[in-house]
Amino acid sequence: MDLMNSLLNLVVPPASMVMMACAWPGLTFIRTCEWIYGYFNTENMEDKVVIITGASSGIGEQIAYEYAKRKAKLVLVARRDQRLRVISENARLMGANHVMIVAADVVKEDDCRRFVTETINYYGSVDHLVLTTSLGHTFYFEEVTDTSVFPHILDINFWGNVYPTLAALPYLHQSNGRIIVNASVENWLPLPRMSLYASAKAALINFFESLRFELSDEVGITIATHGWVGMEMTRGRLMLEEGAEMQWKEEREVHVSGGPVEDYARMIVTGACRGEAYVRFSSWHDIFLLYRTFAPNLLNWTLRLLIAQNGTRRTSLVGTGRPLLEGASPTKLLVSPASPYSPQHSQQQKME
């Protein structure tokens, strides 16, 4: 058996690469046919009901506008009620037939069942469930001294997408609807300062890939992955709910550029309406997945060259036990006291 495994280790990887190269033209032809079919059979979203979580900013906000242009009926879900009011008005001006806003916390199962129930009571159905709730970080894992942020990152990025799915699935079955989930290329592409975020996204992808088989196409699933996208976090601030703001000096001083979030949102909605299983922004990231599978050492060397450290480490101070800004007190390390993640609030009882 050991000899057989050794032989297969030598033969299977290169043979698989040769087979993939030979099959590439056929796969490209099939993909082209699927694209043409989807182009001429795009779902008409007029008067269709769309629930969007994480709709108070970033990708969720832009997706709301894209559905509004298609004259859908929207249910915008987030914790920032005042922010949702502004976005709902914008969506109406862009063509949405009706907009409902619901202040809810997607990591609470009861809240998820509540906004789905309110949607059914008002509209009578759900056609698309769009999950954009996400919370990133930019700290080195070994520098963390305050681990209280860990469960928040995992809860928001994983359970914040699973609970709404569980609540909406019975109604999505009735409408033969679709789930659209926003993930990230970090779910398989290792990058520094994103260990917990990447782990949560990897779990999320595996969950929805498994769910796809369980649903047997009765409910469609579109998984969207993106690389670097210009939004709130990349602009030097990380907004939490209820207006709490996590800021770190180093990140505010770094100039960041990325693909426009508007383009990514447009791709997601277009792909979902065409029934596509995957939307990638940008698709060239896929090549790194091949390297990770067949030549992991080469990928590691390449990433080390691309993300070479110049001089001292620059990292977020969030969770490291040090003040975020000069003169900041340790009690304000993670977020402001108004945040649901502050020590005062947690004793009594999330980025979208």
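In what follows, the structure referred to is the one given above.
Attention in this report is confined to the structure presented alongside it.

Here is what the cut-offs are and how they apply
Residues numbered from 1 in each chain as written. Predicted model: local features only at pLDDT ≥ 70, side-chain atom pairs only at ≥ 80, totals over all residues. Heavy atoms only, no water. Buried < 20%, exposed > 50% of the residue type's maximum accessible area, 1.4 Å probe, protein only. Helix = DSSP H or I, 4+ residues; strand = E, 2+ residues; numbered from the N terminus. Pairing = 2+ DSSP bridges. Right-handed = clockwise from strand over helix to strand, strands pointing away. Expected span 1.5 Å × (residues − 1). Bend = angle between axes of the 7 residues up to and from the residue. Axes fitted to C-alpha atoms, helices over the stretch in contact; angles between N-to-C directions. Contact = heavy atoms within 4.5 Å.

Attention shifts here to the pairing of strand β4 (residues 128-131). Burial of the side chains of β4 extends over both faces: His128 and Val130 are buried on one face and Leu129 and Leu131 on the other. Where strand β1 (residues 49-53) and β4 come together, four bridges link them in parallel fashion. By the bridge assignment for β4, threonine 53 is matched with leucine 131. The sheet contact formed by β4 and strand β5 (residues 178-182) spans four bridges and is parallel. Opposite leucine 129, over in β5, you have isoleucine 179 as the bridge partner. At this point the chain moves from β4, through helix α5 (residues 149-175), to the parallel β5, and the crossover so formed is right-handed.

Let us look at helix α1 (residues 2-40). The terminal C-alpha atoms of α1 lie 53 Å apart, and with 39 residues this matches the ideal 57 Å at 1.5 Å per residue to within 8%. Helix geometry: α1 is bent most strongly at tryptophan 24, by close to 45 degrees, with proline proline 25 lying one to four residues after it.

Below, the discussion takes up the sheet that holds β5. Reading across the sheet, the seven strands line up as β3-β2-β1-β4-β5-β6-β11 and stay open at both edges, with parallel pairing between neighbours. Two strands lie at the open edges of the sheet, namely β3 (98-103) and β11 (278-281), each paired on one side alone. Put simply, the sheet's adjacent strands are angled 15 degrees from each other on average, direction ignored. As judged from the five bridges shared by β1 and strand β2 (residues 73-78), these two strands associate in the parallel manner. Bridging from a neighbouring strand, valine 50 pairs with leucine 74 of β2. Each of β1, β2, β4, β5 and β6 (220-226) touches helix α2 (residues 58-69); the most contacted strand, β1, lies at about 170 degrees to it. Against the sheet, helix α8 (residues 261-273) makes contact with β4, β5, β6 and β11, and its axis sits at roughly 165 degrees relative to β11, the strand it touches most.

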